[in-house]
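Secondary and tertiary structure notes
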Amino acid sequence: MKAVHYAGLACIAGLMHVSAAAQAPAYPTKPIRVVVPFTAGSTTDIIARAITDKLSASLGQQVVVDNRGGAGGTIGAAAVAHAAPDGYTLLIHSSSHTVSPSTFAKLPYDTLRDFAGVTPIATLPNVLVVSPTKNLRSVKELVDAAKAKPGTLNFASAGQGSATHLNAEKFKVQAGINTTHIPFKGSPEAVNEVLAGRVEYYFSPIAPVLPQIREGRLLALAVGSPQRSSALPDIPTTAEAGVPNSEFNFWIGMMAPAKTPREIVARLHAEVQKALASDDVKERFAKLGAEVWTLPPEQFDRYIQEEVNANSKLVKDAGIAPQ
């Protein structure tokens, strides 16, 4: 009788397992919206579309990019922070995400509590560019010129608190120079001002300025990353060029609302890794000077927290007043 009893219990347990599996909602069953908090054509947008094209095919549902630019990426980030945590609204943001807590007096979300990291996607070195008409042929010449006439050299950024701004501020602090920040609406405007000679230098994302560098219209002095860029292998890092501890890691990554089920976060992480392994994505990244970079979700969360703390110190050291 006991054997029959145990067999019956096993049968019931098996039926319950099957029933629970049947009741568990499949994912995804409808289109997924990926918010990019910058304009179409921006570096973050280009990287996002390279990934979402692959995700649409592998997930069997349309993955749509929704550009929500403005306020240094905080408008788009807020839309995701307050979205339903069901895996159907995601965020692909840049390292500006970890700068905003220090450069904005108040945010409509909590950077650490309201998001769950899925994975970083890529790192993209910023490149320090100048106009050849400025006759500044090296980082040393730029630093010497800035020290000779404190406060007279200007540097551009793609906006207050952007990664391009923070990269320049870190360089400025470590080089011990006094230069003036000129913020613009985005990278195209900043590049145009450097080309015109109205601004001395700009730590630009590599992709928008590669054509001008190759044509000789802009001169690349250094990259702001910890390692050299595969797109500009002959260009030194700022540390190699004589300004130690000036590196700034510009990254792009995927996040979800904080309470998104862990199994969905894990599924998205795996699908992004699969997309990054494809030859055509690697080719598209190479043209942008982007390097593939991934971390498990929990490690990405820890990295974001560490970077928020590091950027807070940088903002204080640079004397940047929150907006």
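These remarks concern the structure in this document.

So, how was this worked out
Residues numbered from 1 in each chain as written. Predicted model: local features only at pLDDT ≥ 70, side-chain atom pairs only at ≥ 80, totals over all residues. Heavy atoms only, no water. Helix = DSSP H or I, 4+ residues; strand = E, 2+ residues; numbered from the N terminus. Buried < 20%, exposed > 50% of the residue type's maximum accessible area, 1.4 Å probe, protein only. Contact = heavy atoms within 4.5 Å. Areas by Shrake-Rupley, 256 points an atom, 1.4 Å probe, with all protein chains shown as cover. Lys, Arg positive; Asp, Glu negative; His and termini not counted. Charge placed at Lys NZ, Arg CZ, Asp CG, Glu CD. Phe/Tyr/Trp six-rings, centres within 6.5 Å; stacked < 30°, edge-to-face > 60°. Lys NZ or Arg CZ within 6 Å of the ring centre and 35° of its normal. Salt bridge = Lys/Arg side-chain N within 4 Å of Asp/Glu carboxyl O. Pairing = 2+ DSSP bridges. Axes fitted to C-alpha atoms, helices over the stretch in contact; angles between N-to-C directions. Core = buried A, V, L, I, M, F, W, Y, C linked by side-chain atoms within 4.5 Å. Parallel < 35°, antiparallel > 145°, perpendicular 65-115°, else oblique. Left-handed = near helix turned anticlockwise from the far one by under 90°. Polar contact = N/O pair within 3.5 Å; in protein donor to acceptor, adjacent residues only side chain to side chain.

**Examining the overall build of the protein chain**
A tally of regular secondary structure across the protein chain gives 11 helices and 11 strands. When its C-alpha atoms are laid out on the principal axes, the protein chain stretches across 95 × 40 × 30 Å. Considering the protein chain as a whole, with its 323 residues, one finds that 51% of them fall into the buried category. When contacts within the protein chain are restricted to residue pairs at least 6 apart in sequence, those whose partners lie at least 24 apart make up 78%. Taken as a whole, the protein chain presents about 14,500 Å² of accessible surface, with 56% of it coming from carbon and sulfur. Charge-centre separation for the protein chain: the mean point of 30 positive side chains lies 3 Å from the mean point of 27 negative side chains.

**Here we look at unusual backbone geometry**
With an omega of -5°, the peptide bond running from Tyr27 to Pro28 counts as cis. Mapping Pro28 onto the fold places it in the loop between α1 (2–23) and β1 (32–36). Phi angles above zero are rare outside glycine, and Asn135 is one such case at about 55°. You can see Asn135 is positioned in the loop between β5 (126–130) and α5 (139–148). In this model, Asn245 sits at a positive phi of 60°, which is unusual for a non-glycine residue. Within the fold, Asn245 resides in the loop between β9 (219–223) and β10 (251–257).

**Let's talk about the packing of aromatic side chains**
By the definition in use, this model includes nine aromatic pairs. A ring pair is formed by Trp251 and Tyr303, whose centres lie 6.5 Å apart and whose planes are at 70°; its orientation type is edge-to-face. Of this pair, Trp251 sits in strand β10 while Tyr303 sits in helix α11 (residues 297–318), and the two are 52 residues apart along the sequence. The buried category is assigned to Trp251, whose relative accessible area is 0%. An aromatic cluster is present here, built from Phe155, Phe171, Tyr201 and Phe203 joined pairwise through their rings. Stacked on the ring of Tyr88, the Lys or Arg Lys30 has its end atom at 4.7 Å from the ring centre.

**Some words on the pattern of salt bridges**
For the structure shown, the criterion picks out 16 salt bridges. The salt bridge partner of Lys54 is Asp280, with a shortest N-O separation of 3.1 Å. Taken together, the positions of Lys54 in helix α2 (residues 43–59) and Asp280 in helix α10 (residues 279–288) put the pair 226 residues apart, joining distant regions of the chain. On the basis of relative accessibility, which here comes to 27%, the residue Lys54 falls in the partly exposed class.

**Details of the sheet that holds β9**
Sheet architecture is open: five strands sit in the order β7-β6-β8-β5-β9, paired in mixed fashion. Since the sheet does not close on itself, it has two edges, and those belong to β7 (180–183) and β9, each with one partner. Averaged over all pairs of adjacent strands, the angle between strand axes in this sheet comes to 30°, irrespective of strand direction. Pairing of strand β6 (residues 154–157) with β7, which is carried by four bridges, proceeds in the parallel orientation. The residue bridging Asn154 from the neighbouring strand is Thr180, located in β7.

**Brief notes about the sheet that holds β1**
With respect to topology, six strands assemble into an open sheet ordered β2-β1-β3-β10-β4-β11, the strand pairing being mixed. Both edges of this open sheet fall to β2 (63–67) and β11 (291–292), since each of them pairs with a single strand only. In the packing of helix α3 (residues 74–81) onto the sheet, the strands contacted are β1, β3 (89–94), β4 (115–123) and β10, and the crossing angle to β3 comes to about 150°.

**Quick look at the nonpolar core**
Ile32, Ile47, Ile51, Ile92, Ile121, Met254 and Phe285 are the most contacted members of the largest nonpolar core, which totals 41 residues. Sequence-distant contacts of Ile92, that is, excluding residues within four places in its chain, are made with Val34, Val35, Val36, Pro37, Thr44, Ala48, Ile121, Ile252, Gly253 and Met254. If you look at the next biggest cluster of nonpolar residues, it comprises 19 residues, including Val129, Ile206, Ile213 and Ala231.

**Details of the packing of helix α6 (residues 163–175) against α11**
In the contact formed by α6 and α11, the axes pass within 10 Å of each other and the chain directions differ by 60°. Between α6 and α11, the angle is such that the two are oblique. Read as a crossing pair, α6 and α11 show a hand that is left-handed. Along its contact with α6, which presents Leu166, Glu169, Lys170 and Val173, the element α11 presents Leu314, Val315, Asp317 and Ala318.

**A look at the environment of Thr74**
Mapped onto the elements of the fold, Thr74 is located in helix α3. As a C-alpha pair, Thr74 and Pro108 span 34 residues in sequence and 8.0 Å in three-dimensional space. Once you skip the residues sitting within four places of it in the chain, Thr74 turns out to touch Ser100, Phe104, Leu107 and Tyr109. Of note is the side chain of Thr74, whose polar atom sits 2.7 Å from the backbone oxygen of Ala71.

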